[in-house]
Amino acid sequence: MTIQFNDETFRDDYTFRNSQWAIDRFPFPFHEDSYMYSVNMEQHQGGPAGSIFEKRFDVDEHYVSEMRDRALVLAEDPLRCQSLPHMTLAGWDLLELIMVSKSEDYPDLFELHRDGDRWHWINRPLGIDQKFTFMDEATLPYGPMEYITRQTQGDFAVLDQRDENLWMDAGIVTTQADWSLDFDIGMNFFEWHAPVPLAAEMGIFKRALKFLMNIQQGAPARRLNWTMTVNPRLDTSPENYHKWGPQKMTLTPENIGRKQHLRVELQTFFRLPRSNGLVFPIRCYLIALEDLVTVPKWGRRLHRVIRDLPEELAEYKGFTANRAMIVDYLSKFDDGLPTSDGIWPDKDTEPPLQV
Amino acid sequence: MSTFEFPPSITSRPVWGKLEPRAGKSHLMIADAEGAEALLKLAQADGSLMTKAHIMYFPGETGDTYIGKLEELAPAQLYIGPSYEAAVPRLRRTLAGAHMGLQVYLTGTESLMGQAMREATDAGIPHTAIQTEHRGSVARRMQCVHCKGITENVMTDPFVCSHCGLNLFVRDHYSRRHAAFQGVCVDAEDPGNVPPPVELYS
């Protein structure tokens, strides 16, 4: 299908909306009626046709507007994109991975022509036509990582692998769930995860690191993570916390369905061929609660998950203050019926809400 | 007593050790204020270190208290500086001229150790090979996550950013690259609702 790109905003007047297509393919992150941390990795080798898992780098109706929002964030704060000097090669690896993947997966939107190191990249949605020399930074308007990630949805952490650890040595971070690249750059896997409660005690990070360090070329992995965000704001950065934080206080029982969003991250992991680095794209999907509950199974389940979530997790994910109001809203969409296993909406088999 | 037992914390927070003599071709010792006590103890453990030692010392508010005693150690080089900042070019020059077999010892406040550690690691010395010992003030060097400004000598939580004026709470999350802990706006969600400042570790 040809994607109709939305003209929308993720700030100020918040005109972001999901179409029915986007709602139906939303990556609902709960495979059962409760949630606890886990190393919920699976192979990233496609998925059901039309799902967000199908392509290596999913492009959806929000693409053009998300890239506009990224450019605004970077203009305000260039420190959101940084690469330590030894990471340039990994940046070229990433540029190649994305250009090859997108041109193969979306030939109507992206084209890549290669003649030795003379490359020609066409990005139709963003109106870009760029000829450049692969591995020659002077032939691109930005460094290779910044160049390609200004054209790709999601944040990117580019990790160096050495000393039996992964090091966050480069990245572009404009749609994050409240962490600072500028602060965390240069840290190892355990250090940048240090503020996450409970998970270290559960051995999550040790197991995750072991898994990630063994990811091989051509065998990427993925997992989902989630949090809650008031208003469809991509840039929920700590840098701007004092600007978006007050919006959390604007929820009312009347506007909560429209303003409160479930924020889901599709995290993928690809080995990079020349640098042996690992790229960790973190793609953010937002959905208003009022849209989410149009899927009966998701309404039932989200109510149960949020209601029963351990307090530390609600605190860490930053919605403690609004939790009661969210649970109250969602309870209207939970009739107590059992739900089917797995994340899929199962609209044809799950019963409608019984009222 | 100039020592302090830091409570257990998250994995990004540095854990300071105790200085002990190590075999080396030369010894670079950087200390501020009560950090001098740790150097005196180190010299007691192995006086022969001092013939190959370069001490850089910033007495700060301790004034002359330890200077005479450090002189008595007769280190190969003794530099007494008015501030760490003033000594950074000297430190960089020293590290640039360093050879294999250099041992680095850092002692004193977390701010001093963190910043000197950064210089040493930038010069190619792995941070795990550098010895440290905390002495003296428990004040923190804080980076404001909002304006990126550094506020030195933070003793309370919350505190006011010396650059942008926001009220920040003190996190244990620490960046070796910034040699600083992270400060985050305490009243972001409810502007004006700032809890009264409490002394750190009280």
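Residues numbered from 1 in each chain as written. Chains lettered and ligands numbered in written order. Predicted model: local features only at pLDDT ≥ 70, side-chain atom pairs only at ≥ 80, totals over all residues. Heavy atoms only, no water.

**Some details on the overall build of chain A**
Step number 1: Check the secondary structure of chain A and you find 13 helices and ten strands.
Step number 2: At 20 Å, chain A has a C-alpha radius of gyration in line with the 20 Å of a compact globule built from 355 residues.
Step number 3: Expressed along its principal axes, the backbone C-alpha trace of chain A runs to roughly 65 × 45 × 40 Å.
Step number 4: Restricting the contact set of chain A to residue pairs at least 6 apart, pairs at least 24 apart contribute 71%.
Step number 5: A total accessible area of about 14,500 Å² is found for chain A, and carbon and sulfur atoms account for 51% of it.
Step number 6: The distance from the centre of the 38 positive side-chain charges to the centre of the 55 negative ones in chain A is 1 Å. (Helix = DSSP H or I, 4+ residues; strand = E, 2+ residues; numbered from the N terminus. Rg over C-alpha atoms; globule rule 2.2 N^0.38 Å. Contact = heavy atoms within 4.5 Å. Areas by Shrake-Rupley, 256 points an atom, 1.4 Å probe, with all protein chains shown as cover. Lys, Arg positive; Asp, Glu negative; His and termini not counted. Charge placed at Lys NZ, Arg CZ, Asp CG, Glu CD.)

**With respect to the overall build of chain B**
Step number 1: Regarding its fold elements, chain B presents four helices and twelve strands.
Step number 2: Here the C-alpha atoms of chain B give a radius of gyration of 18 Å, agreeing with the 17 Å that 2.2 N^0.38 yields for 202 residues.
Step number 3: Seen through its principal axes, chain B has C-alpha atoms that stretch 60 × 35 × 30 Å.
Step number 4: Of all 202 residues assigned to chain B, the portion counted as buried reaches 49%.
Step number 5: Taking the intrachain contacts of chain B between residues at least 6 apart in sequence as the baseline, contacts between residues at least 24 apart amount to 65%.
Step number 6: Of the roughly 9,400 Å² that chain B leaves accessible, carbon and sulfur atoms contribute 53%. (Buried < 20%, exposed > 50% of the residue type's maximum accessible area, 1.4 Å probe, protein only.)

**Observations regarding the pairing of strand β8 (residues 221-230) of chain A**
Residues and elements named next belong to chain A.
Step number 1: Counting buried positions over the ten residues of β8 gives ten, a clear majority of the element.
Step number 2: Judged by which residues are buried, β8 turns out to be covered on both faces: A221, R223, N225, T227 and T229 on one side and R222, L224, W226, M228 and V230 on the other are all buried.
Step number 3: The sheet contact formed by strand β1 (residues 42-43) and β8 spans two bridges and is antiparallel. If you follow E42 over to β8, its bridge partner there is R222. (Pairing = 2+ DSSP bridges.)

**Some words on the layout of surface pockets**
Step number 1: Estimated volume of the second largest pocket: approximately 610 Å³.
Step number 2: Contributions of two or more residues to the lining of the second largest pocket are made by β7 (165-172) of chain A together with α4 (110-122) of chain B.
Step number 3: When residues of the lining of the second largest pocket are assigned to their parent elements, the largest contribution, three residues, is made by α4(B).
Step number 4: Each of domain 1 (26-134) and domain 2 (140-199) of chain B accounts for three or more of the residues forming the lining of the second largest pocket. (1 Å grid on protein atoms, 1.4 Å probe; cavity = no way out; pocket = protein on both sides within 12 Å on 5 of 7 lines; lining within 4 Å. Points joined across faces, edges and corners; volume = space filled by probe spheres on them. Domains from an automatic or database assignment.)

**As for the sheet that holds β8(A)**
All names here are of chain A.
Step number 1: If you walk across this open sheet you meet the seven strands as β1-β8-β9-β10-β6-β7-β2, and the pairing is antiparallel. Where the open sheet ends on each side, the last strands, each with one partner, are β1 and β2 (81-83).
Step number 2: Where strand β6 (residues 155-162) and strand β10 (residues 278-288) come together, five bridges link them in antiparallel fashion. Each bridged residue has a counterpart across the sheet, and for V158 the counterpart in β10 is V279.

**Some details on the sheet that holds strand β7 (residues 150-154) of chain B**
All names here are of chain B.
Step number 1: The strand order across the open sheet built from five strands is β7-β6-β11-β10-β9, with neighbouring strands paired in mixed fashion. Whereas interior strands pair on both sides, the edge strands pair on one side only; in this sheet they are β7 and β9 (159-160).
Step number 2: As defined by bridge partners, strand β10 (residues 167-175) adjoins strand β11 (residues 180-185) across five bridges and the pair is classed as antiparallel. Of the residues in β11, the one forming a bridge with V170 is G183.
Step number 3: Strands in contact with α4 are β6 (140-144), β7, β10 and β11; relative to β6, the strand with the most contacts, it is inclined by about 65°. (Axes fitted to C-alpha atoms, helices over the stretch in contact; angles between N-to-C directions.)

**Structural notes on the domain arrangement of chain B**
Residues and elements named next belong to chain B.
Step number 1: Assigned domains within chain B: domain 1 (26-134) and domain 2 (140-199).
Step number 2: Listed by partner, the interface residues are seven residues for domain 1 and nine residues for domain 2.
Step number 3: Of the roughly 630 Å² buried between domain 1 and domain 2 on both sides combined, carbon and sulfur atoms contribute 49%.
Step number 4: When residues of domain 1 are sorted by the area they lose upon contact with domain 2, E110, S111 and R118 head the list and together hold 56% of the total.
Step number 5: Seen at the junction of domain 1 and domain 2, the total is zero salt bridges. (Buried area = accessible area lost by both parts, 1.4 Å probe. Salt bridge = Lys/Arg side-chain N within 4 Å of Asp/Glu carboxyl O.)

**Some remarks on the interface of chain A and chain B**
Step number 1: Of the residues lining the interface, 23 residues belong to chain A; the matching set on chain B comes to 24 residues.
Step number 2: Summing both partners gives a buried area of about 2,000 Å² for chain A against chain B, and 60% of it is carried by carbon and sulfur.
Step number 3: One can count four salt bridges joining chain A with chain B.
Step number 4: We note a salt bridge from B:K148 to A:E239, for which the minimum N-O separation is 2.6 Å.
Step number 5: Summed over the shared surface of chain A and chain B, the result is 15 residue pairs in polar contact (both at pLDDT 80 or more).
Step number 6: Secondary structure elements with two or more residues in the side of chain A that touches chain B: α5 (181-184), α6 (189-192) and α8 (241-244) of chain A. (Polar contact = N/O pair within 3.5 Å; in protein donor to acceptor, adjacent residues only side chain to side chain.)

**Some details on the pattern of salt bridges**
Residues and elements named next belong to chain A.
Step number 1: Under the defined criterion, the tally for this structure stands at 39 salt bridges over all chains.
Step number 2: Put simply, R162 and D169 hold a salt bridge, and the shortest N to O gap is 3.0 Å.
Step number 3: Take R162: its relative accessible area is 32%, and that puts it in the partly exposed class.
Step number 4: In this structure, E311 and R323 form a salt bridge, with 3.1 Å as the shortest nitrogen-oxygen distance. Highlighted residues: E311 in helix α12 (residues 311-316) and R323 in helix α13 (residues 323-331), separated in sequence by twelve residues.
Step number 5: The exposure class of E311 is partly exposed, given its relative accessible area of 41%.
Step number 6: We classify R323 as buried; its relative accessible area is 11%.
Step number 7: One network of salt bridges, in which partners are shared, links R25, D58, D60 and R283.

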